Protein chains: 2
Amino acid sequence: MSARRIPMISSTGARLLSTGRSELFSGAHRAEGRAGGPPAQRVRSLTSPACLLCSSSPVRALSGLSATRQGLPKENMAENRATPRAKVLTLDTMNPTIKKVEYAVRGPIVLRAMELEKELAQGVKKPFAEVIKANIGDAHAMGQQPITFFRQVLALCSYPELLNDGTFPEDAKSRARRILQSCGGNSLGAYSASQGIDAVRQDVAQYIKRRDGGIPSNPEDIYLTTGASDGIVTMLKLLVHGEDATRTGVMISIPQYPLYSAALAELGAVQVNYYLNEEKSWGLDNSELQRSLDEARRHCNPRALCIINPGNPTGQVQSRQCIEDVIRFAAKERLFLMADEVYQDNVYADGCQFHSFKKVLFEMGPEYSDNVELVSFHSTSKCYMGECGFRGGYMEIINLDPEVKAQLTKLVSVRLCPPVPGQALMDLVVNPPQPGEPSHDSFKKERTATLSDLAAKAKLTEQVLNTVPGISCNPVQGAMYSFPRITIPEKAIKEATDKGQLPDMFYCMKLLEETGICLVPGSGFGQRDGTYHFRMTILPPTDKLKILLDKVKEFHREFTEQYS
Amino acid sequence: MSARRIPMISSTGARLLSTGRSELFSGAHRAEGRAGGPPAQRVRSLTSPACLLCSSSPVRALSGLSATRQGLPKENMAENRATPRAKVLTLDTMNPTIKKVEYAVRGPIVLRAMELEKELAQGVKKPFAEVIKANIGDAHAMGQQPITFFRQVLALCSYPELLNDGTFPEDAKSRARRILQSCGGNSLGAYSASQGIDAVRQDVAQYIKRRDGGIPSNPEDIYLTTGASDGIVTMLKLLVHGEDATRTGVMISIPQYPLYSAALAELGAVQVNYYLNEEKSWGLDNSELQRSLDEARRHCNPRALCIINPGNPTGQVQSRQCIEDVIRFAAKERLFLMADEVYQDNVYADGCQFHSFKKVLFEMGPEYSDNVELVSFHSTSKCYMGECGFRGGYMEIINLDPEVKAQLTKLVSVRLCPPVPGQALMDLVVNPPQPGEPSHDSFKKERTATLSDLAAKAKLTEQVLNTVPGISCNPVQGAMYSFPRITIPEKAIKEATDKGQLPDMFYCMKLLEETGICLVPGSGFGQRDGTYHFRMTILPPTDKLKILLDKVKEFHREFTEQYS
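Just so you know, these numbers come straight off a predicted model, no measurement behind them.

Draft legend 1. Seen up close, the overall build of chain A. Within chain A, the secondary structure is distributed over 20 helices and 16 strands. Each of the 564 residues in chain A was classed as buried or not, and the buried ones make up 66%. Accessible surface, chain A as shown: approximately 19400 Å² in total, 50% of it carbon and sulfur.

Draft legend 2. Quick look at the packing of helix α6 (residues 148-158) of chain A against helix α16 (residues 420-430) of chain A. All names here are of chain A. One can describe the packing of α6 onto α16 by two numbers: an axis separation of 10 Å at closest approach and a directional angle of 140°. By the angle between their axes, α6 is oblique relative to α16. The way α6 lies across α16 gives a crossing that is right-handed. Two secondary-structure elements touch here, α6 through F149, F150, V153 and L154 and α16 through P421, A424, L425, L428 and V429. Of the residues assigned to the contact of α6 with α16, the class counts are 9 nonpolar, no polar and no charged.

Draft legend 3. Spotlight on the interface of chain B and chain A. Counting residues at the interface gives 113 residues for chain B and 113 residues for chain A. Together, the buried faces of chain B and chain A total about 9700 Å²; carbon and sulfur atoms form 56% of this surface. It is R85(B), Y191(B) and E403(B) in chain B that bury the most area against chain A; as a group they hold 8% of the surface buried on that side. Summed over the shared surface of chain B and chain A, the number is 4 salt bridges. The closest approach of N and O atoms between D230(B) and R415(A), which form a salt bridge, is 3.9 Å. Here chain B is connected to chain A by 48 residue pairs in polar contact (both at pLDDT 80 or more). At the level of secondary structure, the elements contributing two or more residues to the side of chain B that touches chain A comprise α2 (64-69), α4 (96-99), α6 (148-158), α9 (227-239), α10 (259-267), α12 (320-333), α15 (402-414) and α16 (420-430) of chain B. Broken down by element, the side of chain B that touches chain A gets its largest block of residues, 10 residues, from α15(B). Along the lines of polarity and charge, the residues of the side of chain B that touches chain A split into 54 nonpolar, 32 polar and 27 charged.

Draft legend 4. Spatial organisation of the relation of the copies chain B and chain A. Expressed as a screw transformation, the operator carrying chain B onto chain A has a rotation angle of 180° and an axial translation of 0.0 Å, and the superposed copies differ by an RMSD of 0.0 Å. Between the two chains, the operation in question is that of a two-fold axis. It is A155(B) whose C-alpha, among those of chain B, lies nearest the rotation axis, at 2.1 Å. Taken together, the interface assignments show that 99% of the residues at the interface of chain B recur at the interface of chain A, consistent with an identical surface on both copies.

Draft legend 5. Molecular detail of the sheet that holds strand β15 (residues 520-521) of chain B. Residues and elements named next belong to chain B. Pairing in this open sheet of 3 strands is antiparallel, and the strands run β12-β16-β15 from one edge to the other. Unpaired on one side and paired on the other, β12 (481-482) and β15 mark the two borders of the sheet. Where β15 lies against strand β16 (residues 534-537), 2 bridges are found, and the strand directions are antiparallel. Each residue of the ladder has a partner; that of V520, found in β16, is R535.

Draft legend 6. Region of interest: the packing of aromatic side chains. Using the criterion set out here, one finds 29 aromatic pairs over all chains in the structure. For the ring pair Y343(A) and Y481(A), a centre distance of 5.7 Å and an interplane angle of 85° mean the geometry is edge-to-face. On the criterion of sequence distance, the pair formed by Y343(A) in the loop between β8 (336-340) and α13 (357-363) and Y481(A) in strand β12 (residues 481-482) is long-range, its members being 138 residues apart. Taking the relative accessible area as the measure of exposure, Y343(A) reaches 2% and is therefore buried. Between Y507(A) and F559(A), the aromatic rings sit 5.0 Å apart at their centres with planes inclined by 75°, giving edge-to-face as the arrangement. Within this pair, whereas Y507(A) is found in helix α19 (residues 503-515), its partner F559(A) is found in helix α20 (residues 542-562), the two being separated by 52 residues in sequence. Accessibility classification places Y507(A) together with F559(A) in one group, the buried group. These aromatic residues form a ring-pair network of at least three members: F506(A), Y507(A), F534(A), F555(A), F559(A) and Y563(A). Of note, K358(A) hangs over the ring of F362(A), and the distance from its end group to the ring centre comes to 5.5 Å. Between R535(B) and the ring centre of Y481(B), over which it is positioned, the NZ or CZ distance is 3.9 Å.

Draft legend 7. Just the pairing of β16(B), in detail. Residues and elements named next belong to chain B. The two faces of β16 match: F534 and M536 on one face and R535 and T537 on the other face are all buried. Pairing of β12 with β16, which is carried by 2 bridges, proceeds in the antiparallel orientation. Pairing of Y481 across the sheet is with T537, part of β16.

Draft legend 8. Structural context of the environment of T409(A). Residue and element names in this part refer to chain A. Within the element layout of this structure, T409 appears in helix α15 (residues 402-414). The buried category is assigned to T409, whose relative accessible area is 17%. In contact with T409, not counting residues within four places along its chain, are Q195 and Y223.

Draft legend 9. Representation of unusual backbone geometry within the structure. With an omega of 0°, the peptide bond between I254(A) and P255(A) qualifies as cis. With respect to the secondary-structure elements, P255(A) resides in the loop between β5 (248-254) and α10 (259-267). Cis peptide bonds are those with omega within 30 degrees of zero, and the linkage from N309(B) to P310(B) qualifies with -10°. Relative to the helices and strands, P310(B) resides in the loop between β7 (301-308) and α12. Residues other than glycine seldom take positive phi values, yet W282(A) does so here, at roughly 60°. When you line up the elements, W282(A) lands in the loop between β6 (270-275) and α11 (286-297). Exposure remark for W282(A): the relative accessible area of 3% places this residue in the buried category. Phi at R334(A) is positive, roughly 55°, even though this residue is not glycine. Within the element layout of this structure, R334(A) appears in the loop between α12 (320-333) and β8.

Draft legend 10. Region of interest: the state of the cysteines. The final tally for this structure, using the stated rule, is 0 disulfides over all chains. Unpaired in terms of disulfides, C300(A) finds its nearest cysteine sulfur in C306(A), a separation of 13 Å. Overall, the relative accessible area of 8% leaves C300(A) in the buried class. Take C388(B): it sits in no disulfide, and the sulfur closest to it among the cysteines is that of C417(A), at 7.9 Å.

Draft legend 11. Representation of the nonpolar core within the structure. If you look at the biggest cluster of nonpolar residues, it comprises 200 residues, and the most contacted ones within it are M235(A) and M235(B). Ignoring any residue separated from it by four or fewer positions in sequence, one finds M235(B) in contact with F336(B), M338(B), V375(B), F377(B), M395(B), I397(B), L400(B) and L408(B).

Draft legend 12. Representation of the side chain of S369(A) within the structure. Residue and element names in this part refer to chain A. Following the sequence through the fold, S369 ends up in helix α14 (residues 366-369). The exposure class assigned to S369 is buried, which follows from its relative accessible area of 8%. Aside from chain neighbours lying at most four places away, what touches S369 is L361, F362 and N399.

Draft legend 13. The environment of V414(B), seen in detail. Mapping V414(B) onto the fold places it in helix α15. For V414(B), a relative accessible area of 7% corresponds to the buried category. For the pair formed by V414(B) and S194(B), sequence separation is 220 residues and the distance between their alpha carbons is 8.3 Å. When near neighbours in sequence (up to four residues on either side) are disregarded, V414(B) contacts V101(A), Y103(A), L259(A) and A262(A).

Draft legend 14. Structural context of α10(B). All names here are of chain B. Here α10 lies mainly inside the structure; 7 of its 9 residues are buried. Listing the buried residues of α10 in full gives L259, Y260, S261, A262, A263, L264 and A265. At the exit of α10 stands G268, carrying a positive phi of roughly 70°.

Draft legend 15. Highlighting the pairing of strand β7 (residues 301-308) of chain A. All names here are of chain A. In terms of burial, β7 is largely enclosed, as 7 of its 8 residues are buried. Bridge analysis of β5 against β7 gives 4 bridges, and the strand direction is parallel. Considered in β7, the bridge of G249 is made with P302. With 5 bridges joining them, β7 and β8 adopt parallel strand pairing. Bridged to C306 within β8 is M338.

Rules used in this analysis
Residues numbered from 1 in each chain as written. Chains lettered and ligands numbered in written order. Predicted model: local features only at pLDDT ≥ 70, side-chain atom pairs only at ≥ 80, totals over all residues. Heavy atoms only, no water. Helix = DSSP H or I, 4+ residues; strand = E, 2+ residues; numbered from the N terminus. Buried < 20%, exposed > 50% of the residue type's maximum accessible area, 1.4 Å probe, protein only. Areas by Shrake-Rupley, 256 points an atom, 1.4 Å probe, with all protein chains shown as cover. Axes fitted to C-alpha atoms, helices over the stretch in contact; angles between N-to-C directions. Parallel < 35°, antiparallel > 145°, perpendicular 65-115°, else oblique. Left-handed = near helix turned anticlockwise from the far one by under 90°. Contact = heavy atoms within 4.5 Å. Nonpolar A, V, L, I, M, F, W, Y, C, P; charged D, E, K, R; others polar. Buried area = accessible area lost by both parts, 1.4 Å probe. Salt bridge = Lys/Arg side-chain N within 4 Å of Asp/Glu carboxyl O. Polar contact = N/O pair within 3.5 Å; in protein donor to acceptor, adjacent residues only side chain to side chain. Least-squares fit on C-alpha atoms with pLDDT ≥ 70 in both. Pairing = 2+ DSSP bridges. Phe/Tyr/Trp six-rings, centres within 6.5 Å; stacked < 30°, edge-to-face > 60°. Lys NZ or Arg CZ within 6 Å of the ring centre and 35° of its normal. Disulfide = S-S within 2.5 Å. Core = buried A, V, L, I, M, F, W, Y, C linked by side-chain atoms within 4.5 Å.

Put into structure tokens, the structure is as follows:
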């Protein structure tokens, strides 16, 4: 190892929290070996270059070792390592696939936002009074209130003594009793079956049947999961193997939710991009699917097609026709379909409606419903619940080969079971208070209020952003995000490039430093070359959202002026 | 695909739950291509052969497709597949590393036990009235009661309205307030930081410091996890890569907890076995570590050494000297140490004491404490808590390369965060009621009662098993399991082998069918060739444990008689 070695901290997680001797920057993307400027310059400059390929921003790395590796004069390797022996596990010797993983939603800009919050708390003077985080779909953190009924049942399940408490409604108690009776030893603390609690899976199947107009769902096809992410990664694991020249390709939309790219990187699979059509409200054209697939077939073996509907980060809601087209395409091209439907209750735009892939598949008749392999994911984290912290979710698998299903059951058994409180919560989501039950009215009221509020904020976001010259925002038909396109002047692009930053990261970092608003650059999700976007959640409370939008408006105006 | 193809269902998860047309058996281990007898025979025989390599038992597979693949005369492939197209995802085309995964703790014998329970519930006559499951360390399922204080705080956190309820003790309320204040939006439903809630990590560090006699712990070195399993798999992921000829080797004890072998199989790493010394109460000799390592170095690159202390499945508690020896060995041989310490409160035997690897490492002085890379795992699932369903846990990393630590932080961010209720519970475990607080006495009483009960059952298990001719059981010094050695007569071994079963699986399956007792064969954990064991938890309530032990005693006597 030499002192001339280029620092190799991955952009996303590069904020090193351990103690160290000097503050320095590092954001070079190792595999490609890019790093702007000589080491000393990078070390000293607060806006030093970072990787052009991975949407990284400069981030601080507090580490004596890193310092020596960057050739700081007073701390050379030999001195530093006189006593300490070389590590077993280093960036050089660690699993190379992990290094390729990126996850922008919690990337460098968010780490910087957290720093700014701490600085504000310490009284450091900033041009803003608070950091507003619109980077992640974390509803409760933004002030959304949980559904009372859900929390009552969870409290009852956690501490069953409360079943004797007269203040809890009877329907909450009966739900809690049913859940506890289906737990080992009547306790949330027992492991459940690895596939999930039987009674919960039955309720999920009933929910799907109701949702899909009577099309049956089999509880044996339901797997409860640790959030939807867990199910998605598990299914990708089954599908891909990266050991030979015919590597598995998985088609994902661009823009995408970066869990997909992260999981594929880790699994050593090929990410096959198909582009959503921004001009058509982020719609999906089959011709683009075909183009993407045909190109991919030249160098890998595409086997699966992932769809997010309603869309993340793009907020579109697919029409029934579009879903049919996708299914037909998957059938024709023999692709395994993965439908990420965690925003199924988040539909706001007039004329839009959520259609599940399962329902459309079955309405297309046995030629499709007997053949197309489909998995659909849902979660407790989004919709009107926003219960991200509980990590609840389920997936329904359709037409999975029974032998593969046995392998799936085996695979999930190694992790024992999904968190049982999350399973209980999933049960409540699929089996909420019914008309006539004591909690029904308040449940309905709370649910409607949350969804109406989100709908209003979706509209507001689109409207305000579209008043800004240089920003254009498609309708936020569903989900929780806007993904507006921003015009970045040539001069700004040049400045960003000179600093080794992607232009949209440069833009968002500047926005954060000047206004305290935390958004995620479009490059973290993927976008057509030469276009720039950011993802912004619609979750802040209306008053804060208005402030946020006004600040973005003002910032964009000034930014454009400054670089024109 | 041909009708002559050998069925390839992996033993562990082979019970196919989907609808199908015929009942058949399948347990062949594909990679090795072993399967006893011609297909038709295997299909029809209830005790048909299974894999000799993977401790599988015959398990029922309900699948029309499987039937055709096994060459059943009336259901050939062509007929069956006239309409359905071939699947995208089949056993042939799925990720091959997943197929190699085995997890005996939830393997075929447990699936059969669940079937038996259903049969009993349906009124089917059996030679026993109930199934007693001693296969898994699932304390609450076996009737152990949760700690009242923990559950009160969880209820308060779930439904903060209860903070106004006068019946809850003040210390429970103040804990709940502290946890909620450290959650986004004061809600368990918000995502936490990916590394875990700051306040919880601080409490964990304080706990470690107290436990280890003042040796400091840095909250930045604490990662909260989804049970200990999650942490173990995450660290193995960083450590291993299986793409070239110098594949990573990871040393694990034999017998082992099969999460390790499962994770290594999935990651494509080499499992390097070192044997615990059964004659010395499952002690660990450095000479055996050396032998194992030297052999492994001929064909792979061993980089990590995993230790489970107190032992699972073997119940030994390592002496301080032994831990020092292991650390010295790891330092000398440059191995990354992984210490699975989830049973740290489960120490029963006189003269035994839990010593953490961290503490011993630091007491050995800077030559070791500045150098040896160590990660230690803990969990809410074991000890006196037994809260498996919450999937809480933490890991502490020592001397991890800062750049690798950044990669670790990035990696865990992709899954957003561990379940927040599990984090809250972990916080209570490391920060329980203190002397002077209102809940202290009852907490202490409950904790002591549970641990004393476990100690008594550990003693009882050892004593009764050692009265049985042909069974010898090492002292259950700690953890939750006995792992007695059983003598299986030659005639029984032959009958098992003829049926394609491992002798200890044959034994355990017969025990289950005749007595309703569910244990896990030793082969699921690994054992020296020619020796046989089973793992049995000490968790059933004392009255049931006595029945269980008497039944095992009687069964073993009859089994020995029958096959002598």
